[in-house]
Structures are given as C-alpha cells and as structure tokens.
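A structural walkthrough
Each chain is listed here by its residues.
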Amino acid sequence: MSPRDPNAHSHSTLLESSSPEPTLLKVCSLVPETDYRKQAWKNGLGTTTEIAIYPPNTDFKKDPFLWRLSVTETRSDSTFCIFPGYDCTMIVLPNKKSEAPSLLLRHQDTEALINVKPLFPYTWEGQWTTSCRITNGPISSIHFMLNKSFGTAQSKVITIGTSATEAEDNKILMVGAFALVYVVKGSCCISLDEHRSHARTNALKQGQCLYIERDQEAGPSQMDIRVGSFASDSTKGSSTESDDSNEKVEVTLVVIQVAESTAVTEQPHTERRPSALPSEIRQGRRNSSLVVCPNQPDSAIKTPEDISLNTPREELQGAQPTWDSTQIYEPPSSAFFHFDSEMPPPMIRDRLVIEDYPLHTTSTAWIKMMTQGMNEWLKLPVIVCRGSADGPVVGITAAVHGNELNGVPCIHKVASSIDVQVLRGTLVAIPCVNVTGYLKFQREFSDGRDLNRMFPGKEDGFASQVYCFHIMNKIISQFNYHIDLHTASFGRVNSFYVRADMNDSGAAMLAQLQKPQIILHNSGQDGTLRSAAATRGIKSITVEIGNPQMFQEQFVEWSFMGVMRILNKLDMFPLENVLSEEKFIGPTTTILCSKGFWIYTKTGGVLEVYPDVNTIIRKGDIIARVKSMFGNVIEEYDAPCAGVVIGRSSNPVAMAGDRIIHLGIIKRKGEVLMKEAKENY
C-alpha cells in the first residue's frame, strides 16, 4: 500500500511471518536394547553400533543418506572406510581404565599423527584415507557422518551439574532440522518448548539418545536440561525427579545439531559428490533446474521450473527433442555400494607366515621380496583373512603383468565381502604381484622380462628370476588352492575365460566354478605362476578377465562371483552371504576348448580384425585384412579351422608377425584331452 494512498489508514499494517510456530515433527528417546543396531566388523577388529540414520532404515553402505550417528568400539589399529561427499566427526569417549586410552589418526598417508583427545570433537573430510593407531584399547567413540550437500552440523560436548539447573548453561537453542543428544555420563530430563502447549519432556540415562526432527520452516526451539535421575510416569507421559535428586550429580552430553542448507552449492569438480538423494526426504529444498538455451522453440521444451535435476529420467523422455536427456549422468549401480574392505594398517614382514595372524581377523602386510637399486625393499601388498575355524588356504593373485588390472578390483570386492566371523580357513590375496610393472604401466618386470615366464625362479638368477623365487617361497608355497587373475595385454582384448589343466580334477573344479565364457585346456609347463604352483601340488587356474590397463565392471563382477563360488564349494564361506544380483551371476554357458593357438600376420600394415571375442567362426571365414597406408588390401586372412575367438588384436598398427586372433578349438564329444597341452604365446 502506498503511503500517499488517500484510503490509507492512520496506523501502519501489522505483518507476521507465514512460518509456523516451532514444529517438532518427531521426538523420541532411543535406547540401546531396542533401537540401536550393532554389527561386528568383517575384519574382526571392532564393532559399530548404529544409533540413528536418516532416512530411517537406510543401509549406509548401499544407499545415500543425509546423516548417520553411531558408537564404535575399536580393538586394534584399523583403517576407516572412505565416504566421499561426507564430513566425518569423531568424539572419543572416556573409559575407566587406570591408563588413559590414546587414539592417533593419520590422513592421506601423511607422516603427521593427530592425537584425538577424549570428549573433544574432531572432524575430517570423508574422502580422505584415514587410519588409526590406538593404545590401551579398546576405545569407544561416537561417529557422526553428514552429507555435505544437505547442510552443516555443529557438535559439542557439554557437562552440566546440579548447580547449573537454574542457569543459562542448561538451555540450548535449536534452529536446525535435526538435533541429537547422546548421554555420555549421568542422567537428565530434557524439556522441549516448555512454554508451548505441546511441550514434551524426555528422561534419558547413560548410553541413551534423544532424537529430534523439526519442520524446516519452523522458528527456534528451546531445549531445557535438568540434571539427575528421573523416573518415568507412564500414565502422564512425563518424567518426575527421583528421591535422590538432591545428591550432587552431573551429566555429560554430546549435542549435535544439523542445519539444512537452503540451496545446494556447487562443489569443485575434483570432489565427487555423494549420490543424489530422493527429493521427498526433506520437502521444500531448492533444486537446481536445467536452463533452456536461447532461441529454442518453447513448445518443444519444458520450462525450467518443470525440469529439475531431480526429475526422474522417465519424465524427461520425449520432453526435449532438441536435447538428449541421456546426457544426465547416472551413477552405475556399483557406485551405491561401499566395497571398502575396512583393512587395518599394514605391517612389514620378511615373509608370509599364516600362523602369525590371529584367527577371525583380517590383516594386511607388506612382504619384503628383494632390494632394488636404491637398496630399498620391493614389497608385495598382502591381505590375510583368517576365519574362525581350520580349513583350506586359498590364494588369489593379480597384476602378475603390470598393466593387467581387472584382478585388482576383483580382489578388493572379495576382501570387502568376507566376514571373518563366518569364514572357515584362510584367504590370502595379493592385489599386485608385479609392483615395478604396475608403476610403469607396463606388462614386464623392471628388467624387461615377462614374470609369467620365469616361475618358479632362481635364487641366484637375474632380477625377474630372483623376484619369482621369493614370491614362490615366501608366499605361494603356503597355498592349497590358487586363482591367478589376468587380462589381455596391450593391443589385445580377451573374452572372460579360464586357462586350466582340465585333466586335473581339482583345477577343473575351480575352472568350472568360475562360469567363464570359455575354458581352455592348458597343462602348463610354461614358466607361468599357475604352472609353478601346480608343480608344488597346489590346485591352480588362470582367469583372464577382459582388457588391459582399465577396469571393466561386468567382467570384474563375474570373476568376483566366481571366486565366491569357489569359497562356497570348499566350505569356506557360504554363498548366501554374498550379494546375488543378476549381473553377478555370469555367463549361462561355457565352451570347453581342447587346445588353442594364435594366428599371426605375415606382413605389416593397417590391420582390420573382424570377429569379436567369444564368437564362433567357421573354417574359411574371413577374419582379418592388412592394408597399406594408401588403403590397398595387401593380405587377407581366413580361419584355418572352426573354433571360438578367445582373444583378438585391438591395435590397427601391425608389424609382420603380430597377433590377429587367439583361436580356441572346441572339444569334440569323446575327445581325450592331451596330457601336455601348450599354446604358441
């Protein structure tokens, strides 16, 4: 209304906010006996008790969440899971031991150690690799994780005595969406908005937690804390102070308030944001919208208000013929699973001695192999999962060739799935055998030789032989079963196939449990790690998992499930404990090949290879051409016999004598497999 309006009143108009009065959507007392969820760590080094999570009943390892509150008991040095896009806060709780506990944190493998003192909140970024070192354990601590795209959190520890009951120290103003009050010591009664008609009173004792959720548009609420032991009056829904309330007592509380952001600010592109959260979790938040480009026909495009980044994909289909909605990135399903292995910090050892590691515990180690040119040790990373009962020792190795990497995430997934409380026997995993080749992105060892032609090695040979000798004697010799994970090498692609001596019943069993696309009978005697293990009586197979210097999710999942089927068959780990989505199952049929060989070029030029891997070709089918740089066909290659394509060249630049396809000869019914079956590598 204009002040010059002749109809204006003589007094000003009173305005009030449209925001409702403080609204408590949910207030409840959480007690350990009925509301907390306790879970032992798979590595046997501690336990985590989840107090509350939002949204409720969310599986924090699979689904995105806004925040999570838990109490953790850590019994030994350990490594924390990473949670990109989240802030992590720890509050170490005091204990009654004569010697005070000590907890030191290390972030990003730096030299600096941070001493986290009891009852002092400490916060770090969830994407940091973080490990802890403890003394006088076990140590109990409160852990709070917050999705940074949702808002901010304030954590503090307060101690209130009976002398403060009339002071302002026992009054806390709440302005955020959530408040969590955990009782570390003592007991108290907490009143909320006591001046309102809907005032609520809650009695809490040590180990309990008060959960408060507020309407995001609500004004401030007040929390009033009274100290002492209180008895609940169930008939009135309130609490009354007990007879001994006059004794001098105090209460120690952890108070966490979560404030919801009004808008999601953009984070640097280098930081991975947490997975998108359903918009209905907290109504009324601002959502970023897609901006319509200028000069586009309005009839073909929805308005910015209609198209949100939270809009389901199916609602976008057909809405924008001038813009491809598939450009909206959707994380793969595997991104919603935290496959963190929860591994403890590694120890340095001269050799692997399985008996040195305690039962029902996961351990990590760097095993010294040999010294390099700086007189420093080349060390292998080793994961040891010891179960709660005796059983076989199964070894898994990856990256014997330094650029064959699909086996690395396979091992990580296996390690993250093993619960040592359930495991029988021992699982030993080496994520990277060829350390120098891995660091140089190359197949060969540091001396330029192929490690997988040098086993079992020599104690006094050249470098790669010495390295292989120590691997065999310090680690591999303790296995009963062995799975060697490989891929194609540079310039080639592979199917998902297994190389095994199919005349050996043990190796044949391992091969079939992998459920590969192809099994190739190969008896060994070729300097490979598999062959050297078999010579020592270890049942061993080679699993070829796709292509080099990359991670292929589908093949990794198939090989992971194959390893878990083997552990199940050996009565080491039940398969029902493993996630069994359809994509993990693998191929439904397997082709058995009695032999295989490579077809090579006779002349150099531009190589075109036509059949894909895992396809059956007939005798006489054209499989490749070599052309000159002017496009003239120099040479054509036909299939010399029928078979299945195990692998093929992916490099168009061919020298004379380069590989074209790896052809597997399908076993005939009634055919007897050769005792010695090798390949022309």
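Residues numbered from 1 in each chain as written. Predicted model: local features only at pLDDT ≥ 70, side-chain atom pairs only at ≥ 80, totals over all residues. Heavy atoms only, no water.

Observations regarding the pattern of salt bridges
As a working rule, side chains carrying opposite charge can pair if their charged atoms are close by. Under the definition given, this model contains 16 salt bridges. Note that aspartate 621 is salt-bridged to arginine 618, the shortest N-O span being 3.4 Å. One network of salt bridges, in which partners are shared, links Arg37, Glu50 and Arg68. (Salt bridge = Lys/Arg side-chain N within 4 Å of Asp/Glu carboxyl O.)

Quick word on the environment of arginine 133
Within the element layout of this structure, arginine 133 appears in strand β10 (residues 130–135). Overall, the relative accessible area of 39% leaves arginine 133 in the partly exposed class. Along the chain, arginine 133 and proline 345 lie 212 residues apart, while their C-alpha atoms are 8.5 Å from each other. Dropping the residues within four chain positions of it, arginine 133 is found in contact with Asp77, Ser102, Leu103, Leu104, Arg106 and Leu113. (Helix = DSSP H or I, 4+ residues; strand = E, 2+ residues; numbered from the N terminus. Buried < 20%, exposed > 50% of the residue type's maximum accessible area, 1.4 Å probe, protein only. Contact = heavy atoms within 4.5 Å.)

Things to note about the environment of valine 414
Inspection of the secondary structure puts valine 414 in helix α2 (residues 407–417). Each C-alpha atom, one on valine 414 and one on serine 559, is 9.7 Å from the other, the two residues being 145 residues apart in sequence.

Comments concerning helix α5 (residues 505–513)
Considered for burial, the residues of α5 that qualify are Gly506, Ala507, Ala508, Leu510, Ala511 and Leu513. Each element contacted by the buried residues of α5 is listed here: β27 (481–486), β29 (496–500), β30 (518–521), β31 (539–545) and α7 (553–569). At the exit of α5 stands lysine 515, carrying a positive phi of roughly 50°.

Some thoughts on the sheet that holds strand β8 (residues 114–115)
With respect to topology, 4 strands assemble into an open sheet ordered β5-β10-β7-β8, the strand pairing being antiparallel. One side of each edge strand has no neighbouring strand; the edge strands of this open sheet are β5 (78–79) and β8. Two elements, strand β7 (residues 102–107) and β8, share 2 bridges in a ladder whose sense is antiparallel. Across the sheet, residue leucine 104 finds its bridge partner in β8, namely asparagine 115. (Pairing = 2+ DSSP bridges.)

Describing the pairing of strand β9 (residues 122–125)
For a regular strand, side chains alternate in direction, first toward one face of the sheet and then toward the other. Only one face of β9 is covered, namely the face carrying Tyr122 and Trp124; the face carrying Thr123 and Glu125 is uncovered. Of the strand pairs in this sheet, strand β6 (residues 86–92) and β9 are connected by 4 bridges, and their pairing is antiparallel. Pairing of cysteine 88 across the sheet is with tryptophan 124, part of β9.

Topic: the environment of isoleucine 225
Position of isoleucine 225 among the secondary structure elements: in strand β18 (residues 221–227). Expressed as a C-alpha distance, the spacing of isoleucine 225 and alanine 203, which sit 22 residues apart in the sequence, is 9.8 Å. Once residues within four sequence positions are removed from consideration, isoleucine 225 is found in contact with Ile158, Ile160, Asn170, Ile172, Cys188, Cys189, Ile190 and Leu253.

Section: the sheet that holds strand β36 (residues 633–638)
One open sheet accounts for 4 strands, arranged β36-β35-β33-β38; its pairing is antiparallel. The sheet is open, and its two borders are formed by β36 and β38 (653–654), each paired with just one other strand. Note that strand β33 (residues 605–609) and strand β35 (residues 622–627) share 4 bridges and pair antiparallel. By the bridge assignment, valine 609 is partnered in β35 with alanine 624.

Let's talk about the packing of aromatic side chains
Note on aromatic pairs: each is described by the distance of the centres and the angle between the planes. One pass over the structure, following the stated rule, counts 17 aromatic pairs. Centre to centre, the rings of tryptophan 67 and tyrosine 211 are 5.9 Å apart; their planes meet at 40°, and the pair counts as tilted. Of the two residues, tryptophan 67 sits in strand β4 (residues 67–74) while tyrosine 211 sits in strand β17 (residues 209–214), which places them 144 residues apart along the sequence. Taken individually, tryptophan 67 and tyrosine 211 each receive the classification buried, so the pair is uniform in this respect. An aromatic cluster is built from Tyr54, Trp67, Phe144, Phe150, Phe178 and Tyr211, whose rings are joined through pairwise contacts. (Phe/Tyr/Trp six-rings, centres within 6.5 Å; stacked < 30°, edge-to-face > 60°.)

Description of the side chain of serine 141
Tracing the backbone shows serine 141 in strand β11 (residues 139–147). For serine 141, a relative accessible area of 1% puts it in the buried group. There is a polar contact of 3.0 Å between the side chain of serine 141 and the side chain of histidine 143. Every residue in contact with serine 141, bar those within four places of it in the chain, is listed here: Ser70, Val71, Thr72, Met90, Ile91, Val92 and Leu93. (Polar contact = N/O pair within 3.5 Å; in protein donor to acceptor, adjacent residues only side chain to side chain.)

Re the confidence of the model for the protein
Considering every residue of the protein, the mean pLDDT works out to 83; 78% of them sit at 70 or more. Below pLDDT 50 for its whole length, residues 316–326 participates in 18 contacts with residues either more than four positions away or in separate chains. (pLDDT = per-residue confidence, 0-100.)

Observations regarding helix α4 (residues 463–474)
Between its terminal C-alpha atoms α4 stretches 16 Å, which fits the 16 Å expected from 12 residues at 1.5 Å a residue. Most of α4 sits inside the fold, with 9 of its 12 residues counted as buried. Within α4 the residues assigned to the buried category are Ser464, Gln465, Val466, Tyr467, Cys468, His470, Ile471, Met472 and Lys474. (Expected span 1.5 Å × (residues − 1).)

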